[in-house]
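# Observations on chain architecture
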Amino acid sequence: MATFLLKTATNLLHKHHNHLAFFSSGSSPRSSVPISQKMRSRSLPVVSMAATPVNACTGKMGKAVINAAEAAGLHVVPVSFGCEEESGQNFEICGKEFLVHGPSDRESVLASVLDKYPNLIVVDYTTNCSQCLGIDDIIFDRMECNAELYSKVGVPFVMGTTGGDRDLLYKTVQDSKNYAVISPQMGKQVVAFLAAMEIMAEQFPGAFSGYSLQVLESHQASKADASGTAKAVISCFNKLGVSFDMDEIQLIRDPQQQLEMVGVPEEHLAGHAFHMYHLTSPDQTVSFEFQHNVCGRSIYAEGTVDAVIFLAKKIEAKDPKRVYNMIDVLREGNMR
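Just so we're clear, the structure is a prediction, and the values are computed from it rather than from any experiment.

## Thoughts on the sheet that holds strand S6 (residues 96-101)
Reading across the sheet, the 3 strands line up as S4-S6-S5 and stay open at both edges, with mixed pairing between neighbours. Strands at the two margins of the open sheet, each flanked by one partner only, are strand S4 (79-81) and strand S5 (90-93). With strand direction ignored, the average angle separating the axes of adjacent strands in the sheet is 35 degrees. Bridging between S4 and S6 involves 3 bridges; their strand directions are parallel. The residue bridging Val79 from the neighbouring strand is Leu99, located in S6. Strands S4 and S6 of the sheet are contacted by helix H3 (residues 106-116), whose axis makes an angle of about 160 degrees with S4.

## As for the side chain of Thr172
Looking at the secondary structure, you find Thr172 in helix H5 (residues 166-176). Apart from residues lying up to four places away in sequence, Thr172 is in contact with Ala147, Glu148 and Ser151.

## Concerning the pairing of S5
Burial along S5 is one-sided: the face carrying Phe91 and Ile93 is buried and the face carrying Asn90 and Glu92 is not. One ladder, built from 4 bridges, connects S5 with S6; its direction is antiparallel. Note on S6: the bridge partner recorded for Ile93 is Lys96. Here S5 folds back onto S6 in antiparallel fashion, the turn holding 2 residues, of which Cys94 has a positive phi close to 50 degrees.

Scoring rules and cut-offs
Residues numbered from 1 in each chain as written. Predicted model: local features only at pLDDT ≥ 70, side-chain atom pairs only at ≥ 80, totals over all residues. Heavy atoms only, no water. Pairing = 2+ DSSP bridges. Helix = DSSP H or I, 4+ residues; strand = E, 2+ residues; numbered from the N terminus. Axes fitted to C-alpha atoms, helices over the stretch in contact; angles between N-to-C directions. Contact = heavy atoms within 4.5 Å. Buried < 20%, exposed > 50% of the residue type's maximum accessible area, 1.4 Å probe, protein only.

Written as structure tokens, this is what we have:
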């Protein structure tokens, strides 16, 4: 899953453009790779137990983010990080030529870019999944590593990815007094649904006691792990009295099943998020069903842009709070 930036009126930032860089995980375990770079030949090993480079998800997401950012009037900085083998290469993406820097240069390059574009905000969709690297026994702390880098250099960032040590991420930002939006889900409407679920769970605990739950979620084959959104919804159902373990989630990753069983349009097999939660009463006479289906990546791109605009305003206002999530963005109420 990926998300990206939105455009805002230039007067919002007092005549300054908000410069954005897009970062994601690279094939190097300690490298941070701009999502924009991954659109063409990003060598991100994904999902298969064999380390097979897969472009489809990250490439299309990168384009969605860049398109959304430019449509919103934000300036995309054509700088990217990759593995050493890609260092010095150029890629043309959405009409822009991106220069790739190796992992050994990322701190100095990032500092240089920040010096040139003082309103820089980084967008990071790093994944910590070991399967994404084609490595079974090692999970690299790339999210935490990247957050530490951004905080050390002093670059605000929007991080939209599941996994990682959230407490450590928050502490890293707060200790450095950096600014960040960190959220596992960037789709605004999906976040609103999650917020409604959390309110229901808090105000009506045990309301579904005794009910059984079935959860089915379908994503593109490159997503190996269970959806963070599904886990969050399940946590709400647990508070509502439903007994359900995360390992009971039915993960659909086979394209044929996605077409025939789930009903995913063929053109969106490489980028979708279909979730179904089915509740049944103990006597089987009552059922409830919650469902949200997303085709493509525009919902995440638009939400990311809103997050960037939101963060830019907080920075400009010197807000004492430093770490935000998408609920904070929604509550602000200034989305396009």
